[in-house]
Amino acid sequence: MSDIILGIESSCDDTSAAVIKDGYLLSNVIASQQVHKDYGGVVPELASRAHEQNIVPVVSQALVKAGLEASDINAIAFTRGPGLLGSLLVGTSFAKALSVALDVPIIMVNHLQGHILANFVKQYDKPSAAPKFPYLCLLVSGGNSQIVRVDDPIHYEILGQTIDDAVGEAFDKCSKMMGLGYPGGPVIDRLAKLGDPEKYKFAKPHIPGLDYSFSGVKTSLLYFVRDEMEKDPEFMEKNKEDICASFQKTLIDILMDKLIKAVRQTGIKEVTIGGGVSANSGLRGRITEEGQKRGWNTYLPEFKFTTDNAAMIAIAGYFRYLKGERTPLDVAPVSRIADF
Ligand code: KG4
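Every chain's residues receive numbers from 1 upward, in the order its sequence appears when written. For a predicted model such as this one, the threshold for reporting local features is a pLDDT of at least 70, and the threshold for listing and counting side-chain atom pairs is 80 or more; totals across whole chains, interfaces and linings nevertheless cover every residue. The side-chain quantities take in all heavy atoms of the structure and omit both hydrogens and water.

Topic: helix H6 (residues 215–231)
Consideration 1: Comment: elements are numbered from the N terminus, with helices defined as DSSP H or I runs of at least four residues and strands as E runs of at least two. Expected span, for any helix, means 1.5 Å times one less than how many residues it has. Counted at 1.5 Å a residue, the expected span for H6 with its 17 residues is 24 Å, and the 25 Å between its end C-alpha atoms agrees.
Consideration 2: Burial classification: accessible surface area is computed with a 1.4 Å probe over protein chains only, and a residue below 20% of its type maximum counts as buried, one above 50% as exposed, and the rest as partly exposed. Residues of H6 that are buried: Val 217, Lys 218, Ser 220, Leu 221 and Val 225. Down the axis of H6, the sector holding all buried residues measures 160°, keeping them to one side.
Consideration 3: Residues of H6 that are buried make contact with helix H4 (167–177) and helix H7 (235–266). The reported arc concerns the directions from the helix axis to the C-beta atoms and nothing else. Any two residues whose heavy atoms approach within 4.5 Å at even a single point are treated as in contact.

Next comes the structure, spelled out in structure tokens:
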């Protein structure tokens, strides 16, 4: 008999539902919320309301695309956290209600573990490679920057993480301050392709161990742009491609320095990336390049699995389902990883 898992993701500003059958993806529907665009960041209350509007049609569509009925589902995997509490409540409550209606179990998933396991989502029409255990994952998103050692689908250890801003936050905040739009990562990525990455230099942090810091480089960029704009109000407009290219290169250098150190310390040469920032073309190119140079096996997630999606939640839930894990119905969502 097949194992069919419905995944539900609602941790931030994307409502997503996916169906997997024995680890193979049948559907992955994502409704991205446009309401936040005017605010330059996600507005939690608006996100919760949009999830409420989206969740029923998104789940229905995921089932239709999978060619299945709700009664075919064996278990519902949902994101318990970390994320925005109101948003998580919508997905969690929906998962609970559907599980009661269908008499199937729910399985809670840590959102970050979904990103870490994104390479394991199998697709019928595309052969894909998954890393061998143990592997290292550079997890980079709007809320996290971590190096994680993954020992098996359930067990992992955070080897290093940001002590202040996440790298995605650095992209987003700097883009906003430079008037380039939101979310900043894709905008800076696009402009960076047109600029000279060596033209400007920004301060790099000196943090011991495998931890990261991105607030210094962010401040360094913002002061630099402010000072130059005082001299020439057109400075930003004239040089935005070079500024973005140099800034992006600095962020990638910071990420790679610690990743290289982590490989050296652990001796693990299976390396993946995950999270929204893993869509960055500069980072993808660089990790592939370093991998070739250093004899790593690198695995890049497909673009559709880099940002928030329910396919990764479904696959993380599937592994737990196979281990016999079930989550009681009185579970509550958690906004912080520490409360998981
Ligand atoms: O994992 P994710 O979808 O969600 C949260 O962390 O909530 O990551 C979103 C982050 C944002 O900071 C966004 O700017 C960044 O991923 N991002 C990128 C790119 N695409 C998305 N950053 C750099 N380059 C990109 N191409």
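Further notes follow.
Quick look at the sheet that holds strand S2 (residues 14–21)
Consideration 1: Pairing between strands is defined by DSSP: at least two bridges between the two strands are required. Taken in spatial order, the five strands line up as S3-S2-S1-S4-S5 in an open sheet, and their pairing is mixed. The sheet is open, and its two edges are formed by strand S3 (24–32) and strand S5 (106–110), each paired on a single side. Ignoring strand direction, the axes of neighbouring strands in this sheet form an average angle of 20°.
Consideration 2: When strand S1 (residues 4–9) meets strand S4 (residues 75–81), the two strands line up parallel, connected through four bridges. Looking across to S4, one finds that Ile 8 is bridged to Phe 78.
Consideration 3: Think of each axis as a best-fit line through the C-alpha atoms, taken over the contacting stretch in the case of a helix, with angles from 0 to 180 degrees between the N-to-C directions. Across the sheet, helix H1 (residues 44–66) lies against S1, S2 and S3, angled at about 25° from S2, the strand it touches most.
Consideration 4: Together, S1, S2, S3, S4 and S5 form the strand contacts of helix H9 (residues 310–322), whose direction differs from that of S1 by roughly 130°.

Regarding the packing of aromatic side chains
Consideration 1: Two rings belonging to Phe, Tyr or Trp (six-membered ring only in the last case) form a pair when the distance between their centres is within 6.5 Å. Interplanar angles under 30 degrees mark stacking, angles over 60 mark edge-to-face geometry, and anything in between is tilted. Under the criterion given, the structure shown has 13 aromatic pairs.
Consideration 2: Their ring planes at 65° and their centres at 6.2 Å tell us that Tyr 200 and Phe 235 sit as a pair that is edge-to-face. Highlighted residues: Tyr 200 in the loop between helix H5 (184–192) and H6 and Phe 235 in helix H7, separated in sequence by 35 residues. Note on accessibility: Tyr 200 and Phe 235 belong to one class, buried.
Consideration 3: When the centroid spacing of 6.1 Å and the interplanar angle of 40° are considered together, the rings of Tyr 318 and Phe 319 count as tilted.
Consideration 4: Taking the relative accessible area as the measure of exposure, Tyr 318 reaches 11% and is therefore buried.
Consideration 5: With relative accessibility at 17%, the residue Phe 319 sits in the buried group.
Consideration 6: Cluster of aromatic residues (ring-pair linked, three or more members): Phe 171, Tyr 200, Phe 202, Phe 224, Phe 235 and Phe 247.

Section: the domain arrangement of the protein
Consideration 1: Domain delimitation follows an automatic or database domain assignment. When the domains of the protein are assigned, the result is domain 1 (4–126 + 305–339) and domain 2 (135–302).
Consideration 2: Each of domain 1 and domain 2 has a C-alpha centre, and these two points are 27 Å apart.
Consideration 3: Note on terms: buried area is the combined drop in 1.4 Å-probe accessible area of two parts once they are placed together, counting the loss on both. With both chains or domains summed, domain 1 and domain 2 bury close to 2000 Å², and 61% of this area falls on carbon and sulfur atoms.
Consideration 4: For domain 1, the biggest contributors to the area lost against domain 2 are Ile 116, Asn 119 and Thr 306; these three give 31% of the whole.
Consideration 5: The term salt bridge refers to a side-chain nitrogen of Lys or Arg lying within 4 Å of a carboxyl oxygen of Asp or Glu. For the pair domain 1 and domain 2, the number of links is one salt bridge.
Consideration 6: With a shortest N-O distance of 3.2 Å, Lys 126 and Glu 302 are connected by a salt bridge.
Consideration 7: Counted as a polar contact is a pair of N or O atoms within 3.5 Å, where, for protein atoms, one must be capable of donating a hydrogen and the other of accepting one, and residues adjacent in sequence contribute only when both atoms are in side chains. On the surface where domain 1 and domain 2 come into contact, there are 10 residue pairs in polar contact (both at pLDDT 80 or more).
Consideration 8: Counting only elements with at least two residues in the side of domain 1 that touches domain 2, the list comes to helix H3 (111–116) and H9.
Consideration 9: At four residues, H3 tops the list of elements feeding residues into the side of domain 1 that touches domain 2.
Consideration 10: Only Asp, Glu, Lys and Arg are considered charged in this grouping, and only Ala, Val, Leu, Ile, Met, Phe, Trp, Tyr, Cys and Pro are considered nonpolar; every other residue, Gly among them, is considered polar. Across the side of domain 1 that touches domain 2, the residue classes break down as eight nonpolar, nine polar and six charged.

Overview of the site of the ligand
Consideration 1: Around the ligand, the structure places 20 residues, and the nearest of them are Gly 142, Asp 172, Asp 189, Gly 276 and Asn 280.
Consideration 2: One of the backbone nitrogen or oxygen atoms of Gly 143 is found 3.4 Å away from an oxygen atom of the ligand.
Consideration 3: Between the ligand and Asn 280 there is a distance of 2.9 Å, counted from a nitrogen atom to a side-chain nitrogen or oxygen.
Consideration 4: Using a 1.4 Å probe, accessible areas were evaluated by the Shrake-Rupley method; residue-level cover was limited to the displayed protein chains. Taking 560 Å² as the accessible area of the ligand by itself, protein coverage stands at 87%.
Consideration 5: Sorting the residues of the shell around the ligand by element identifies H4 and H5 as the ones contributing at least two each. Whether a residue is near a molecule or strand depends on its heavy atoms: if one lies within 4 Å, it is near.

A short note on the pattern of salt bridges
Consideration 1: Throughout the structure, instances matching the rule amount to 23 salt bridges.
Consideration 2: Here Glu 169 and Lys 173 are joined by a salt bridge, their closest N and O atoms 3.1 Å apart. Of the two residues, Glu 169 and Lys 173 both sit in helix H4, four residues apart, roughly one turn of that helix.
Consideration 3: Looking at Glu 169, the relative accessible area reads 23%, which means it is partly exposed.
Consideration 4: One salt-bridge network, held together by shared partners, links Glu 198, Lys 201, Lys 204, Lys 249, Asp 253, Arg 286, Glu 290, Lys 293 and Arg 294.

Regarding the side chain of Asn 144
Consideration 1: For Asn 144, the position within the fold is in the loop between strand S6 (135–140) and strand S7 (145–150).
Consideration 2: Using a relative accessible area of 16% as the deciding quantity, one classes Asn 144 as buried.

Focus on the pairing of S6
Consideration 1: Along S6, six of the six residues are buried, which leaves the element largely enclosed by surrounding structure.
Consideration 2: Side chains Tyr 135, Cys 137 and Leu 139 of S6 all project onto a buried face; the interleaved residues Leu 136, Leu 138 and Val 140 project onto the opposite face, where all are buried too.
Consideration 3: Pairing analysis gives six bridges linking S6 to S7, with the strands arranged antiparallel. Paired with Leu 138 across the strands is Ile 147, a residue of S7.
Consideration 4: From the end of S6 to the start of S7, which pair antiparallel, there are four residues.
Consideration 5: When S6 meets strand S9 (residues 270–274), the two strands line up parallel, connected through four bridges. The partner of Cys 137 across the bridge, within S9, is Thr 272.

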